[in-house]
Amino acid sequence: MSKYTITKQMYSMDVMRTSDNHACGFMCSNVWEDMGDHTYYTADDDEVKSGAKKEGDVKATTRAAEGWKQEDWNWDTELNRVFGEVDADLKTALESHFTSDMKAKYLASMKGE
């Protein structure tokens, strides 16, 4: 009997450990849009008090936006975090399912392309 039940999705994989039904979904990669860092006007700022700016408007950019980013998961770290172990067969299944082509399509999907 298999130690894990796997359900493959378009860009993810659902995994359940059969011994205790502990489950987790894993995405093929970590994708996010780096919007940079900013400071914002607050109610205490003179510009807000005068009406020239609204509370929450961007005051300054402290780090420029870098756009869309993607990184691979460290499966040893993730499997240990979720299940407290690294099952070699499960790790192989994740690495085999999450191909470079799938990761590229996932990034494009997240970007709305």
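Only a predicted model underlies this, so the values are computations on that prediction, with no experimental measurement involved.

Caption draft 1: Focus on the side chain of Ser29. Inspection of the secondary structure assignment puts Ser29 in the loop between β3 (23–27) and β4 (30–34). Residue class for Ser29 comes out buried when judged on its relative accessible area of 1%. Among the polar contacts listed, one links the side chain of Ser29 to the side chain of Gln70, at a separation of 2.7 Å. Apart from residues lying up to four places away in sequence, Ser29 is in contact with Gln70, Glu71, Asp72, Trp73, Lys103 and Tyr106.

Caption draft 2: Local environment of the pattern of salt bridges. Inspection of the entire model under this criterion finds 14 salt bridges. Of the charged contacts, one joins Lys69 and Glu66 as a salt bridge, the two residues approaching to 2.6 Å between their closest N and O atoms. Across the salt bridge formed by Asp72 and Lys103, the nearest N and O atoms sit 3.1 Å from each other. With a gap of 31 residues between them, Asp72 in the loop between β7 (67–71) and α2 (75–83) and Lys103 in helix α4 (residues 100–111) connect regions that are remote in the sequence. Taken together, the shared-partner salt bridges connect Asp34, Asp37, Arg63, Glu66 and Lys69 into one network.

Caption draft 3: Summary view of the nonpolar core. With 17 residues, the main nonpolar core has Val15, Phe26, Phe83, Leu90, Leu94 and Phe98 as its most contacted residues. Every element with two or more residues in this core is listed here: β2 (12–17), α2, α3 (88–97) and α4. Top element by residues in this core is α2. It accounts for four residues. Leaving out residues up to four positions away in the same chain, Leu94 has contacts with Met13, Phe26, Trp75 and Leu79.

Caption draft 4: Structural detail: the sheet that holds β3. The three strands are arranged β1-β2-β3 in an open sheet whose pairing can be described as antiparallel. Across the chains shown, the open sheet's two edge strands, defined by having one partner strand only, are β1 (4–8) and β3. Across the sheet, the mean angle from the axis of one strand to that of its neighbour is 20°, orientation sign disregarded. By the bridge criterion, five bridges tie β1 to β2 in an arrangement that is antiparallel. The residue of β2 that forms the bridge with Lys8 is Met13. Those strands touched by α2 are β1, β2 and β3, and its axis lies near 155° from that of β3. Packed on one face of the sheet, α3 meets β1, β2 and β3 and runs near 170° to β2.

Reading guide: rules and limits
Residues numbered from 1 in each chain as written. Predicted model: local features only at pLDDT ≥ 70, side-chain atom pairs only at ≥ 80, totals over all residues. Heavy atoms only, no water. Helix = DSSP H or I, 4+ residues; strand = E, 2+ residues; numbered from the N terminus. Buried < 20%, exposed > 50% of the residue type's maximum accessible area, 1.4 Å probe, protein only. Polar contact = N/O pair within 3.5 Å; in protein donor to acceptor, adjacent residues only side chain to side chain. Contact = heavy atoms within 4.5 Å. Salt bridge = Lys/Arg side-chain N within 4 Å of Asp/Glu carboxyl O. Core = buried A, V, L, I, M, F, W, Y, C linked by side-chain atoms within 4.5 Å. Pairing = 2+ DSSP bridges. Axes fitted to C-alpha atoms, helices over the stretch in contact; angles between N-to-C directions.

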